[in-house]
Amino acid sequence: MHIAVYVPLLLSLVAPLGARPLAERCEPRLATWLLTASALVLGTASTISLGLLAVTGLIRVPRLAALGHWSAATAQHDDPAALSVALLAGLLLGGSVLMAVRMLWRRTRSLASAAWDAACMPARDGLVVLPDDAPDAFALPGLPGRVVVSTGMLRTLNETEHDILLAHERAHLAAHHYAFVTLAQFGAAANPFLRPFATAVSYTIERWADESAAAQAGDRRRVARTVGKAALAARRTPAPARAAGSALGILGRRGPLSSAGPVPRRVAALLAPPLRRHPALTAATASVLAATALATAEATHDLHLLLHTVGAW
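The rules behind the values
- Residues numbered from 1 in each chain as written.
- Predicted model: local features only at pLDDT ≥ 70, side-chain atom pairs only at ≥ 80, totals over all residues.
- Heavy atoms only, no water.
- Helix = DSSP H or I, 4+ residues; strand = E, 2+ residues; numbered from the N terminus.
- Buried < 20%, exposed > 50% of the residue type's maximum accessible area, 1.4 Å probe, protein only.
- Contact = heavy atoms within 4.5 Å.
- Areas by Shrake-Rupley, 256 points an atom, 1.4 Å probe, with all protein chains shown as cover.
- Patch = residues over 30% accessible without salt bridge, like charges linked within 9 Å, V, L, I, M, F, W, Y side chains within 5 Å.
- Salt bridge = Lys/Arg side-chain N within 4 Å of Asp/Glu carboxyl O.
- Polar contact = N/O pair within 3.5 Å; in protein donor to acceptor, adjacent residues only side chain to side chain.
- Core = buried A, V, L, I, M, F, W, Y, C linked by side-chain atoms within 4.5 Å.
- Phe/Tyr/Trp six-rings, centres within 6.5 Å; stacked < 30°, edge-to-face > 60°.
- Axes fitted to C-alpha atoms, helices over the stretch in contact; angles between N-to-C directions.
- Parallel < 35°, antiparallel > 145°, perpendicular 65-115°, else oblique.
- Left-handed = near helix turned anticlockwise from the far one by under 90°.
- Nonpolar A, V, L, I, M, F, W, Y, C, P; charged D, E, K, R; others polar.
- Expected span 1.5 Å × (residues − 1).
- pLDDT = per-residue confidence, 0-100.

The subject of this paragraph is the overall build of the protein. A tally of regular secondary structure across the protein gives 14 helices and three strands. Per-residue burial for the protein yields a buried fraction of 48% across its 313 residues. A separation threshold of at least 6 residues defines the contact pool for the protein, and within that pool the share at least 24 residues apart is 73%. If you sum the accessible surface of the protein, you get close to 15,700 Å²; carbon and sulfur atoms cover 66% of it.

Have a look at this one:
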């Protein structure tokens, strides 16, 4: 436990450095799965590690140790972590759990609201057209989900581009992209150092939907042109009109064209040859997650043995 308990914490500091390379170099669907798994596994494991360290501090307190029939004196002798480290871990654990629960509660409310809105919207083939001059389009998850497009966006695009836009938004619903974003953000809420994974997932789900639209259209350049055209038109849309979709992570985050944000990167990716699965990055990610899981299991087992030892005195 002297080493294993710290491995997930260390990896959660180093692993996020690979989030953007993974998002840029790996096929979008696989990248989304790997990034989401990384955020969730590392977030969960680092929280467990904080909990294990906090417990080592609790069993040093005589009154608390007495509740579990443990020997505080033996715990002080055999404890793998200093009391100051255990206290700090307890504080961080409290903040981590609080932020994770808060995020999960807010996301649950957003999803429930979206499902209710989708159920109340009359649609034809899952498509809802809003009488709004502001160009806008988003996917609204529900049972069933809806693709919502404003009349302003329909006027901005031609008929072929309409089909590409609808294919993109329907791909979000078909692949349940909001769930990937939710899980990645849940991991990042538990451990803020993992936010690069959540940001990368918000990008890769858009790339995933772009590639799905390109596969249906059979013309990557046309899809790239449609993405750019729709994004430029949507930049004029007031933020409140897009809040519902943005809250669920089913809309791309717009950024200045000069900063090489998500939209320019998406367009550039569509103009380049399709990405393939990257065995080296996949293997590296799998190795990190395996090491995290094994270290967490080892630390948990060692704490169990420690509690058994201090309870035997």
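A contiguous nonpolar patch, built from Leu10, Leu13, Val14, Leu17 and Phe193 and spanning about 540 Å² of accessible area, is present on the exposed surface. Here leucine 10 lies in helix H1 (residues 7–14). Of the residues examined, leucine 10 reaches a relative accessible area of 52% and is grouped as exposed.

Considering the arrangement of structural elements, one finds glutamate 211 in helix H10 (residues 195–217). Polar side-chain contacts of glutamate 211 include one of 2.9 Å to the side chain of arginine 207. With residues near it in sequence (within four places) discarded, glutamate 211 still touches Pro28, Arg220 and Leu270.

This brings us to the nonpolar core. Ranked by size, the top nonpolar core spans 26 residues in total, and within it Leu22, Leu35, Leu42, Phe197 and Val201 carry the most contacts. Mapped onto this core, the elements with two or more residues apiece are helix H2 (19–25), helix H3 (28–58), helix H9 (177–190) and H10. Those residues in contact with leucine 42 that sit more than four places away from it in its chain are Pro8, Leu11, Ser12, Ala15, Ala37, Leu194, Phe197 and Thr292. Val223, Ala224, Ala231 and Leu270 belong to the second largest nonpolar core, which has eleven residues in total.

Geometrically, a pair of aromatic rings is defined through the distance of the ring centres and the angle of the planes. Within this structure, the stated rule accounts for two aromatic pairs. Ring geometry for tryptophan 33 and phenylalanine 180: centres 4.9 Å apart, planes at 85°, overall edge-to-face. In this pair, tryptophan 33 sits in helix H3 while phenylalanine 180 sits in helix H9, placing the two residues 147 residues apart along the sequence. In textbook terms, an aromatic cluster arises when at least three aromatic residues are bridged by ring pairs, as seen for Trp33, Phe180 and Trp208.

The next thing to look at is the packing of helix H8 (residues 159–174) against H10. Direction vectors running N to C along H8 and H10 enclose 130°, while the axes themselves pass 8 Å from each other. Overall, the two elements H8 and H10 adopt an arrangement that is oblique. The crossing of H8 and H10 is right-handed. Contact residues: Ile164, Ala167, His168, Ala171 and His172 in H8; Ile205, Glu206, Ala209, Asp210, Ser212, Ala213, Gln216 and Ala217 in H10. Each residue belonging to the contact of H8 with H10 can be placed in one class, and the counts come to seven nonpolar, four polar and two charged.

This part is about helix H6 (residues 83–120). Its 38 residues give H6 an end-to-end C-alpha distance of 56 Å, which sits within 8% of 56 Å, the value for a rise of 1.5 Å per residue. Here H6 has its buried residues at Ala86, Ala89, Ser96, Ala100, Met103, Arg107, Ala114 and Ala118.

Turning our eyes to something else, we now look at the confidence of the model for the protein. Model confidence for the protein is summarised by a mean pLDDT of 83, while 81% of its residues fall at 70 or above. Low pLDDT, under 50, characterises residues 239–249; the predicted model gives this stretch 23 contacts beyond four residues in sequence or across chains.

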